[in-house]
Amino acid sequence: AGINYSLYFYALRTRSLRCFWESLELRVYLAVTVIATGLVVWFLLTDYGYNLPQACRYGAFQVVSIITTTGFITADFEQWAVPAQIILILLMLCGACAGSTTGGIKIDRHVILAQKAVQEVRRFLHPRLVTRLKSNGKPLDEDVVLSVTMFFYIYMCLLAVSSYLLCMLGADMLDGLTAAMSCLGGIGPAIGAWGPMESYANASTLSKWLLSLLMLVGRLEIYTILVLIRPLRKNRRQYEQQHGMDK
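For clarity, every value in this text was computed on a predicted model and none was experimentally measured.

Focus on the packing of helix 3 (residues 24–48) against helix 6 (residues 107–125)
Then step 1. Viewed as axis vectors pointing N to C, helix 3 and helix 6 meet at an angle of 100°, and their least axial separation amounts to 9 Å. Taken together, the axis directions place helix 3 and helix 6 in an arrangement best described as roughly perpendicular. Two secondary-structure elements touch here, helix 3 through Leu 24, Glu 25, Val 28 and Tyr 29 and helix 6 through Ile 107, Asp 108, Val 111 and Gln 115.
Then step 2. Broken down by class, the residue content of the contact of helix 3 with helix 6 amounts to 5 nonpolar, 1 polar and 2 charged.

As structure tokens, this is what we get:
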């Protein structure tokens, strides 16, 4: 479910699996999943005392559950080593592939942002260098890169503001940050007061409203919410102009 559904359609249409390997986003997604699973399994073996089969089962399940924003749990990962928890927190900001059923920022946006960062560093070192970003061998328009950059900026700003508001409503810094990350990514469990073995029942009423709003924004995505809000503002302005209420 974390793979771009258009790849399934294209594979069925062409009767070939070559499109999966040609997808840079899919290769990065699988690489992130494998590397994160390997690191978590390593920490479970060295710091938590699991044997190899248990470490592989619990580590792989939680990594896949978090990165695909499924939110299922089979272990209390709050009891794991701090480096393993940090990996899961970073995966909350990751998400799976674009065009999938997952939430979060999505791998495709991270790939574009990483390519843009490398491009800017190369331009700084070589001012006369002319390059153009590509995705799967096709050049990317600057409008697409700008849209991805703005989405990431708005996402991080929304995350920061919502974390601050949760802290003002009584949550600890870690609780507020991970809860905002989890709800905005559509994941579910956080770390701390609303961890895998707890629920959001003990949250205040205002916190529940805020977290519910974050889940709605995260599921529909930010641009979708903005598109829904804009017609309302436009209709309101037209109503005010018609009735002489426009300032």
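Focus on the layout of surface pockets
Then step 1. Estimates place the volume of the largest pocket at around 390 Å³.
Then step 2. Surrounding the largest pocket, 13 residues form its lining, Asn 4, Ser 6, Leu 7, Ser 23 and Asn 136 being those nearest its centre.
Then step 3. Of all the elements in the fold, those that place two or more residues in the lining of the largest pocket are helix 1 (5–14) and helix 2 (18–22).
Then step 4. Roughly 220 Å³ of volume is contained in the second largest pocket.
Then step 5. Top element by residues in the lining of the second largest pocket is helix 3. It accounts for 5 residues.
Then step 6. The class makeup of the residues in the lining of the second largest pocket is 13 nonpolar, 1 polar and no charged.

Points about the packing of aromatic side chains
Then step 1. Counted according to the given criterion, the structure contains 6 aromatic pairs.
Then step 2. Between Tyr 50 and Tyr 58, the ring centres sit 5.1 Å apart and the planes meet at 20°, which makes this aromatic pair stacked.
Then step 3. Tyr 50 sits in the buried class, given a relative accessible area of 17%.
Then step 4. Arranged with centres 6.0 Å apart and planes meeting at 35°, the rings of Phe 151 and Tyr 155 form a pair that is tilted. Taken together, the residues Phe 151 and Tyr 155, both in helix 7 (residues 142–168) and 4 residues apart, mark about one turn of the helix. The pair Phe 151 / Tyr 155 is uniform in exposure class, with both members buried.
Then step 5. Three or more aromatic residues joined by ring pairs form one cluster here, namely Tyr 5, Tyr 8 and Phe 20.
Then step 6. For the cation-ring pair, Arg 27 lies above Trp 21, with the distance from its terminal atom to the ring centre recorded as 5.2 Å.
Then step 7. One residue, Arg 57, lies across the ring of Tyr 58, its end atom 4.6 Å from the ring centre.

Analysis parameters
Residues numbered from 1 in each chain as written. Predicted model: local features only at pLDDT ≥ 70, side-chain atom pairs only at ≥ 80, totals over all residues. Heavy atoms only, no water. Axes fitted to C-alpha atoms, helices over the stretch in contact; angles between N-to-C directions. Helix = DSSP H or I, 4+ residues; strand = E, 2+ residues; numbered from the N terminus. Parallel < 35°, antiparallel > 145°, perpendicular 65-115°, else oblique. Contact = heavy atoms within 4.5 Å. Nonpolar A, V, L, I, M, F, W, Y, C, P; charged D, E, K, R; others polar. 1 Å grid on protein atoms, 1.4 Å probe; cavity = no way out; pocket = protein on both sides within 12 Å on 5 of 7 lines; lining within 4 Å. Points joined across faces, edges and corners; volume = space filled by probe spheres on them. Phe/Tyr/Trp six-rings, centres within 6.5 Å; stacked < 30°, edge-to-face > 60°. Buried < 20%, exposed > 50% of the residue type's maximum accessible area, 1.4 Å probe, protein only. Lys NZ or Arg CZ within 6 Å of the ring centre and 35° of its normal.

No statement about biological role is implied by the geometric values presented.
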